[in-house]
Amino acid sequence: MDAVQRPLYILPQVKSRAIIPKIINLLVLGAVFYLGVLLNLSLLEIDPRVNNLILIASAMAIIFCILLGIIIAIIKAGRNYQFYRDRIAIGKKQILYREIKSVAGKKGFWDKLFQTYRLSLDNQMIIKNIPQTVNIADYIKKLIDYSSQQPF
């Protein structure tokens, strides 16, 4: 696999589909965790100063985790799927066309809301956050057929 090979096609992810559900998930989990801390502290008889210190420390830890999760989601949403002559790559993960036996489209709750879909490639790689206006499944099938006819 040539390092200077240029991709035939670059497919960007729908960033709002990748980021917004992650933010909602992180906020809900953070709230549940904080409520758990509040419940545990109310059941224990702790000095009020220590109680306040624990609440502040747990709130800061939750905020840090939420911000870190948002930053990671933004970085992952910025990655594009790159289609080469012989493989599909995103970041360091890649799959060769000759290894793909089936391409299955799926739609979840968030996909319906953001008008996107995802493709499962033999359960080895999932191409997520694809806009509905792009029919990438047919393109992948053609690349698989082309790759099976070419000696590499």
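Please read all numbers here as calculations on a predicted model, not as lab measurements. (Residues numbered from 1 in each chain as written. Predicted model: local features only at pLDDT ≥ 70, side-chain atom pairs only at ≥ 80, totals over all residues. Heavy atoms only, no water.)

The next subject is helix 4 (residues 136-149). With 14 residues, helix 4 should reach 20 Å at 1.5 Å per residue; the first-to-last C-alpha distance of 20 Å fits that figure. Among the residues of helix 4, Ile136, Ala137, Ile140, Leu143, Ile144 and Ser147 are the ones counted as buried. Down the axis, helix 4 shows its buried residues gathered within 120° of arc, on one side only. The exposed set on the far side of helix 4, more than 90 degrees from its buried face, consists of Lys142 and Gln149. Packing partners of the buried residues in helix 4 comprise strand 1 (9-11), strand 2 (81-83), strand 3 (87-90), strand 5 (103-106), strand 6 (116-121) and strand 7 (125-131). (Helix = DSSP H or I, 4+ residues; strand = E, 2+ residues; numbered from the N terminus. Expected span 1.5 Å × (residues − 1). Buried < 20%, exposed > 50% of the residue type's maximum accessible area, 1.4 Å probe, protein only. Arc of directions from axis to C-beta. Contact = heavy atoms within 4.5 Å.)

A few words on the sheet that holds strand 1. The strands making up a sheet associate through hydrogen bonds between their backbones, and the pairing can be parallel or antiparallel. Reading across from one edge, 1-2-3-4 is the order of the four strands in this open sheet, with antiparallel pairing throughout. Here the strands that pair on one side only, and so sit at the sheet edges, are strand 1 and strand 4 (93-96). The average undirected angle you get between the axes of adjacent strands in this sheet is 15°. Pairing of strand 2 with strand 3 involves two bridges; the strand directions are antiparallel. Following the sheet pairing, Phe83 is matched in strand 3 by Ile88. On the sheet, helix 4 packs against strand 1, strand 2 and strand 3 and is oriented at approximately 40° with respect to strand 2. (Pairing = 2+ DSSP bridges. Axes fitted to C-alpha atoms, helices over the stretch in contact; angles between N-to-C directions.)

The next subject is the packing of helix 1 (residues 15-43) against helix 2 (residues 48-77). Interhelical geometry of helix 1 versus helix 2 gives an angle of 165° and a closest axis separation of 9 Å. As summarised for this structure, helix 1 and helix 2 are arranged roughly antiparallel, according to the angle between their axes. As for the relative orientation of helix 1 and helix 2, their crossing is right-handed in sense. The residue inventory of the contact of helix 1 with helix 2, partitioned by class, reads 19 nonpolar, four polar and two charged. (Parallel < 35°, antiparallel > 145°, perpendicular 65-115°, else oblique. Left-handed = near helix turned anticlockwise from the far one by under 90°. Nonpolar A, V, L, I, M, F, W, Y, C, P; charged D, E, K, R; others polar.)

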